[in-house]
Amino acid sequence: MVFTRRPAAVLTAIVAACAMAISLTACTTDANSQDTADDQTTVTSTSPGAVAMFTPSDGITLNQQTPLNKWAKLTPNLTKALTSAGFKKGDISHTTSDSLDKQSRAIQDYVVDHLSGSNTTDDAGIVISPDNITLLVAPVVEADASTRQYGDYVSQELSTADTAEGSDSTDSSDSSNSSDSSDSSTGSDSTDDSSSDASKTVGDSKNAAQAEAVDRLVSSLKLAKESGMHVVLMGNSIKGYKPDAFVRFSDAQAIGKLQAEKIVSKLELSKASKDNPKYIEVLLPYTAVDESGGDSDSPFAQEAFRGIWQVLGAYYQKGVVESPSGTLNGNSTEDDWQSVAYDASKEGSTAKVLDARLAKADEHASPTRIDGIIAMNDYIASEVVTELDDLGYTGSAADINPQITISGIVGNITGKKDLSRSDVPDPIKSPEKDDSAYSTDSADTQDDSTATDKTDKTKDSQWPLVTGYGAYVSNIPSIVNGKQWMTGIEDRQTLAENIAEACALLNKGQTLTSMSSVRNTEVGGKKKVPTISGPLLAVSASNLKVTLIDPGYISLADAGL
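The structure presented is a predicted model; accordingly, all values stated were derived computationally and were not measured.

So, about the overall build of the protein. When its secondary structure is counted, the protein shows 15 helices and 19 strands. A buried classification covers 46% of the 561 residues belonging to the protein. Nonlocal contacts in the protein, meaning residues at least 24 apart in sequence, comprise 74% of its contacts between residues at least 6 apart. Per element, the accessible surface of the protein, about 26,700 Å² overall, is 49% carbon and sulfur.

Now the structure itself:
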C-alpha cells in the first residue's frame, strides 16, 4: 500500500516544483517585455512602436506642371522625421491608394491583420501591441480640376452627406434637362430621357460605392481606436469622426488670405490714399460644372475669396484700392465671390478674362494701370504672366523696389551677396506730384506736360505684382526674374517633425499638450481635437534660397541658375 502511493506522491512533488519554477520565471521576466510561446517579445509603451501611413496617390497636374505640395514629396520627410524620433524603418509602412474604396480596404486589412495576430511582428520578431501603433491617414477626397491646381494638401471634409447632395444635384439637373427637352420632338424626348436615366443610374451607383467606402473607413478607424491604436488624420477630416489628432494643412481661406496680406505689405496700402489709389484685380478660378454634370457651388472658391476680402475689403471700402475692371468696389462684400470668379476649365479662359479686365480705352492708349493681381495658384499665375507680356507690360516686380535688381536677386540666391532694400515710393502722392516717380534723362529737356505724360505712361505699363500658390517647379524661374512676385508652400519639414513627435507621444500613451504646434480645434464637427498646424511659407525671389533651396525642396537648376 505504501509502495502504491509513492509514485503519486512523487508526481505531486514534481508538479509543485514545476509550478514554483514557472512562478519564479514569471517574476523575473523583463518589465518591458514578456516571452511568448514562439520566443517573440511584445513591445510596450516604453518603445516607439510602429507607424502606418495611408495617403492618396498623387494626381496628374495640368500640362505636367508640378507643385511642391504633393504627398509624394511629404512622405520622405515624414519617414526621415520618424526615424529621427526613434522609430525603426522596418516599423514604418506606407500605402498609397487612388480611391477611397481601395484606401478603406487597405486600412481595414491592416487593422484586422494586426488584431488577429497574423501580422504583428517586425523583422526582429518583435510583437507590437495595438497601443504602440499609430495610423497616419490622409483620406482620399475627390477634388475638381481647379482645386487640384493648389496641390494635394488642401484640406477638405469627407462625409456621406456630400454624396447625398451630389445625388440631389444630379436629380435636379436631370429634372431640368427633362423639362427643357419637353419642347422638342418626341424622338428627342425619348433619347434625352434614356440618356438622363443612364446618367442617373451611373451617378447613383457611384454615390452608393462612395458611401460604402466612407462607412468602411470610419468603421475600420473606430475599430483601431477601440483596440488601442491611435489615429491621426492628415489634411482631410471626416464629418462626425473624432481622431486622436488632426494635421491641418492649407485651406482655401488661408491661401487667399496669405496672398492678400503680402500684397498689402508690398504695396504699403496703409499709406495709400484716394488721390493715388492702388489698382488690384482678383482672379478666382473655379470649376463651374461638377463631375455629375450639375452646377458647382464651389465652396473652395467661396472660402478663398472670403480670406482675400477679410484683408482687402477695408481698403476697397476706403477707396484707396480700386479694381480697374470695376468687378469689386466699396460696396462689395465677402459674398460677392462670383464677381471675380470664372470657369478655369475652359481653354484660354484666364487670358480672355484678364484681357477683358485690363482693356485699353482705345488701340493707341497705353496699357491699363494695374499694381497687383491675385492669381490664387501658380498654374493661373503662369497664364497671367504670359498674357501681361502680350498686353505690353514691361519690367518686373523687382522694379517696385529700385535697389533690388535681378542681378542682386541671383547673387543672393547663389549665396554671393545679401539683398539691399529701400522703401517703396510714397503712395500717398499723386503720380504727377510723386518725386520718386520714374523718369528718363531726356525728361529734363522737355516741358512739364510732356514729362508728366511720359511718367504716367511708364507707370501704366509697369509690370504688376503677380501672386500664386503651390510653388510649381516650372514657375520658379519666373519668381527669380520677378515676373511672378510670390508663391506659397507648406513648411513640409517642420510639419513632418511635428507629426513624428506626436506619433511618438501617442505610442507612449502621452497627450500632445506639451507640443507648441498643437492646439484644440473643431474637426469634422467634433470639438477639442488636438490639431497640428503651422503658418504657410510665402516665397519670393528675396527669400527663395532660404525657403526652397537650402531645405532641399528645389535645386539651383530648378531655379534656372
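Tallied over the entire structure, the rule returns 12 salt bridges. Between K70 and D152 there is a salt bridge, with the nearest N and O atoms lying 3.6 Å from each other. Residue K70 is located in the loop between β2 (50-56) and α2 (71-84), and its partner D152 is located in the loop between α4 (145-148) and β6 (157-158); the two are separated by 82 residues in the primary sequence. As far as burial versus exposure is concerned, K70 and D152 are alike and both buried. One continuous salt-bridge network, built from bridges that share partners, spans D101, R105, E212 and R216.

Closest axis-to-axis distance for the α2/helix α14 (residues 492-507) pair is 8 Å, and the angle between their directions is 45°. Considering their axes alone, α2 and α14 lie oblique with respect to each other. In this structure, the crossing between α2 and α14 has a hand that is right-handed. Contacts between α2 and α14 pair K73, L74, N77, L78, A81 and L82 from the former with R492, Q493, A496, E497, I499, A500 and C503 from the latter.

Strands sit in the order β3-β2-β5-β7-β9-β18-β17 across an open sheet of 7 strands; the sheet is mixed. Both outer strands of the open sheet, β3 (92-97) and β17 (518-523), are each paired with one neighbouring strand and no more. Going from strand to strand, the sheet's axes swing by 30° on average, the running direction of each strand aside. Two elements, strand β5 (residues 133-137) and strand β7 (residues 230-234), share 4 bridges in a ladder whose sense is parallel. Note that in β7 the partner of V137 across the bridge is L233. Here α2 sits on the sheet in contact with β2, β3 and β7, set at roughly 175° to β2.

Attention now goes to helix α9 (residues 349-357). Each turn of an α-helix holds 3.6 residues, which means side chains three or four residues apart point in the same direction. The complete set of buried residues in α9 reads S349, T350, V353, L354 and R357. Projection of α9 onto a plane perpendicular to its axis shows the buried side chains occupying an angular sector of 125°, all on one side. Turned more than 90 degrees from where α9 packs its buried face, K352 and A356 sit exposed. Those residues of α9 hidden inside the fold are in contact with β10 (278-282), β13 (341-343), β14 (372-374) and α10 (378-390).

In terms of residue burial, β10 counts as a mostly covered element, since 4 of its 5 residues are buried. Looking at chain direction, β10 and strand β12 (residues 321-322) are connected through 2 bridges and run parallel. From the neighbouring strand, K278 faces β12, where its bridge partner is V321. Here 3 bridges tie β10 to β14, and the two strands are oriented parallel to one another. Note on β14: the bridge partner recorded for E281 is I373.

All right, on to the nonpolar core then. I255, L269, I280, L284, L312, I374 and M376 are the most contacted members of the largest nonpolar core, which totals 40 residues. At the level of secondary structure, the elements contributing two or more residues to this core comprise α7 (252-267), β10, β11 (284-286) and α8 (299-318). Sorting elements by how many residues they give to this core places α8 first, with 10 residues.

Now for a positive patch on the surface. A cluster of like positive charges, contributed by K222, K242, K526, K527 and K528, occupies part of the molecular surface. The biggest single contributor to the positive patch is strand β18 (residues 526-532), with 3 residues. Turning to its location among the elements, K222 is positioned in helix α6 (residues 186-226).

Attention now moves to the environment of R105. Within the secondary structure layout, R105 lies in helix α3 (residues 100-116). A residue is classified by how much of its surface remains accessible, and R105, at 39% relative accessible area, is partly exposed.

Our focus in this paragraph is the side chain of H114. Structurally, H114 can be placed in helix α3. Polar side-chain contacts of H114 include one of 2.9 Å to the backbone oxygen of Y110.

Here we take up the packing of aromatic side chains. On inspection of all chains with the given rule, the structure shows 8 aromatic pairs. Between W71 and Y153, the aromatic rings sit 5.1 Å apart at their centres with planes inclined by 65°, giving edge-to-face as the arrangement. Separated by 82 residues along the polypeptide, W71 in helix α2 and Y153 in the loop between α4 and β6 bring together distant segments of the chain. Each member of the pair, W71 together with Y153, is buried. Plain terms: the ring middles of Y286 and W337 are 5.5 Å apart, the flat faces sit at 85° to each other, and that makes the pair edge-to-face. With Y286 in strand β11 and W337 in the loop between β12 and β13, this residue pair connects regions lying 51 residues apart in the sequence. Summarising the burial analysis for this pair, Y286 and W337 share the class buried.

A word on the environment of T467. Looking at the secondary structure, you find T467 in strand β15 (residues 465-467). A residue is classified by how much of its surface remains accessible, and T467, at 0% relative accessible area, is buried. For the pair T467 and G488, spaced 21 residues apart in the sequence, the C-alpha separation amounts to 8.7 Å. Each residue touching T467, except ones within four places of it in the same chain, is listed here: Q259, I263, I373, I374, A375, M376, A381, W485 and M486.

Once that is clear, we can look at α14. Compared with an ideal rise of 1.5 Å per residue, which puts 16 residues at 22 Å, α14 spans 22 Å between its outermost C-alpha atoms and is within 8% of the ideal. Of all the 16 residues making up α14, 12 are buried; the element is thus mostly covered by neighbouring parts of the structure. Along α14, the residues classified as buried are R492, L495, A496, N498, I499, A500, A502, C503, A504, L505, L506 and N507. Buried residues along α14 sit against β2, α2, β5, β7, β9 (245-247) and β18. Positive backbone phi, approximately 80°, marks G509, located one or two places after α14.

Moving on, we get to the pairing of strand β16 (residues 486-489). The alternating pattern of β16 places M486 and G488 and T487 and I489 on opposite faces, both of which are buried. With 4 bridges connecting them, β16 and strand β19 (residues 537-540) associate as antiparallel partners. Within β19, the residue paired with T487 across the bridge is V539.

Calculation criteria
- Residues numbered from 1 in each chain as written.
- Predicted model: local features only at pLDDT ≥ 70, side-chain atom pairs only at ≥ 80, totals over all residues.
- Heavy atoms only, no water.
- Helix = DSSP H or I, 4+ residues; strand = E, 2+ residues; numbered from the N terminus.
- Buried < 20%, exposed > 50% of the residue type's maximum accessible area, 1.4 Å probe, protein only.
- Contact = heavy atoms within 4.5 Å.
- Areas by Shrake-Rupley, 256 points an atom, 1.4 Å probe, with all protein chains shown as cover.
- Salt bridge = Lys/Arg side-chain N within 4 Å of Asp/Glu carboxyl O.
- Axes fitted to C-alpha atoms, helices over the stretch in contact; angles between N-to-C directions.
- Parallel < 35°, antiparallel > 145°, perpendicular 65-115°, else oblique.
- Left-handed = near helix turned anticlockwise from the far one by under 90°.
- Pairing = 2+ DSSP bridges.
- Arc of directions from axis to C-beta.
- Core = buried A, V, L, I, M, F, W, Y, C linked by side-chain atoms within 4.5 Å.
- Patch = residues over 30% accessible without salt bridge, like charges linked within 9 Å, V, L, I, M, F, W, Y side chains within 5 Å.
- Lys, Arg positive; Asp, Glu negative; His and termini not counted.
- Charge placed at Lys NZ, Arg CZ, Asp CG, Glu CD.
- Polar contact = N/O pair within 3.5 Å; in protein donor to acceptor, adjacent residues only side chain to side chain.
- Phe/Tyr/Trp six-rings, centres within 6.5 Å; stacked < 30°, edge-to-face > 60°.
- Expected span 1.5 Å × (residues − 1).

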